[in-house]
Amino acid sequence: MADTIADTRRLFSKPQNLNDAYGPPSNFLEIDVSSPETVGVGRTRFTTYEIRLKTNLPIFKLKESRVRRRYSDFEWLRGELERDSKVVVPPLPGKALFRQLPFRGDDGIFDDAFIEERRAGLEQFLNKVAGHPLAQNERCLHMFLQDESVDKTYTPSKIRQA
């Protein structure tokens, strides 16, 4: 009967010191989408967003980067991830087709409230995608986050960890 009782002793754990408790996290990935800027005039007008990346993950070649991207670049990234990876890609904030109609009483897609709402949605999208371990291996994500311009003619491939 005594042989059937489960072992309930605690596992030995290493005591935590102040550096462990308050030091930098072992792995982190911070992505901020900020500073929207509307450029152009008339039908060539669009809004770009600054994407700031800070990380210590070894898969990324740069530990800090800043790039500017427009909504169509986010659509491209989503399409590439859906096509080439095994990741379930979250949706982007909507296209806002009704906001593009003429004779509206507001600025449409260039209205400050809409731009802020879209910025928050794009930031949420990027953090979900970039936080996924399989997506972190995709060349398109690295190019989107760290290269000055997106080469849409690139050859899809995986990133090899150094």
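Above this text sits the structure in question.
Overview of the structure. (Residues numbered from 1 in each chain as written. Predicted model: local features only at pLDDT ≥ 70, side-chain atom pairs only at ≥ 80, totals over all residues. Heavy atoms only, no water.)

**Quick word on the packing of aromatic side chains**
Summed over the entire model, instances satisfying the criterion amount to two aromatic pairs. Taken together, a centroid distance of 5.0 Å and an interplanar angle of 70° make the contact between Phe74 and Phe144 edge-to-face. Pair noted here: Phe74 is in helix 2 (residues 71–84) and Phe144 is in helix 4 (residues 139–146), with a separation of 70 residues, a long-range link. Residue Phe74 is classed as buried on the basis of its relative accessible area, which comes to 0%. Looking at Phe144, the relative accessible area reads 0%, which means it is buried. In this structure, Arg69 is placed above the aromatic ring of Phe144, and the distance from its NZ or CZ to the ring centre is 5.4 Å. (Phe/Tyr/Trp six-rings, centres within 6.5 Å; stacked < 30°, edge-to-face > 60°. Helix = DSSP H or I, 4+ residues; strand = E, 2+ residues; numbered from the N terminus. Buried < 20%, exposed > 50% of the residue type's maximum accessible area, 1.4 Å probe, protein only. Lys NZ or Arg CZ within 6 Å of the ring centre and 35° of its normal.)

**Overview of helix 4**
With seven of eight residues buried, helix 4 is to be regarded as a mostly interior element. Looking at helix 4, one finds that the buried residues are Cys140, Leu141, His142, Met143, Phe144, Leu145 and Gln146.

**A word on the sheet that holds strand 2 (residues 46–55)**
Strand order in the open sheet made by the three strands is 1-2-3, with antiparallel pairing throughout. Both outer strands of the open sheet, strand 1 (29–39) and strand 3 (64–70), are each paired with one neighbouring strand and no more. Here the strands of the sheet are splayed against their neighbours by 20° on average, with no regard to which way each runs. Across nine bridges, the pairing between strand 1 and strand 2 is antiparallel. The residue of strand 2 that forms the bridge with Ile31 is Leu53. (Pairing = 2+ DSSP bridges. Axes fitted to C-alpha atoms, helices over the stretch in contact; angles between N-to-C directions.)

**Quick look at the nonpolar core**
Ranked by size, the top nonpolar core spans 32 residues in total, and within it Ile51, Phe74, Leu77, Phe125, Leu126, Phe144 and Leu145 carry the most contacts. It is helix 3 (residues 112–130) that contributes the most residues to this core, six residues altogether. With residues near it in sequence (within four places) discarded, Phe144 still touches Ile51, Val67, Arg69, Asp73, Phe74, Leu77, Leu126 and Val150. (Core = buried A, V, L, I, M, F, W, Y, C linked by side-chain atoms within 4.5 Å. Contact = heavy atoms within 4.5 Å.)

**Focus: the packing of helix 2 against helix 3**
Contact geometry of helix 2 with helix 3 gives a least axis separation of 12 Å together with a crossing angle of 25°. As the angle between them shows, helix 2 and helix 3 are arranged roughly parallel. Judged by the twist between their axes, the crossing of helix 2 over helix 3 is left-handed. Contacts between helix 2 and helix 3 involve Tyr71, Phe74, Leu77, Arg78 and Leu81 from the first element and Arg118, Leu122, Phe125, Leu126 and Val129 from the second. (Parallel < 35°, antiparallel > 145°, perpendicular 65-115°, else oblique. Left-handed = near helix turned anticlockwise from the far one by under 90°.)

**Observations regarding the packing of helix 2 against helix 4**
When two helices pack together, their arrangement is given by the angle between the helix axes and by the axis-to-axis distance. The N-to-C vectors of helix 2 and helix 4 enclose an angle of 165°; their axes lie 9 Å apart at closest approach. Comparing the axis directions of helix 2 and helix 4 gives the class roughly antiparallel. Handedness of the crossing formed by helix 2 with helix 4: left-handed. Listed contacts from helix 4 to Asp73, Phe74, Trp76, Leu77, Glu80 and Leu81 of helix 2 are Cys140, Leu141, Met143 and Phe144. Considered class by class, the residues forming the contact of helix 2 with helix 4 number eight nonpolar, no polar and two charged. (Nonpolar A, V, L, I, M, F, W, Y, C, P; charged D, E, K, R; others polar.)

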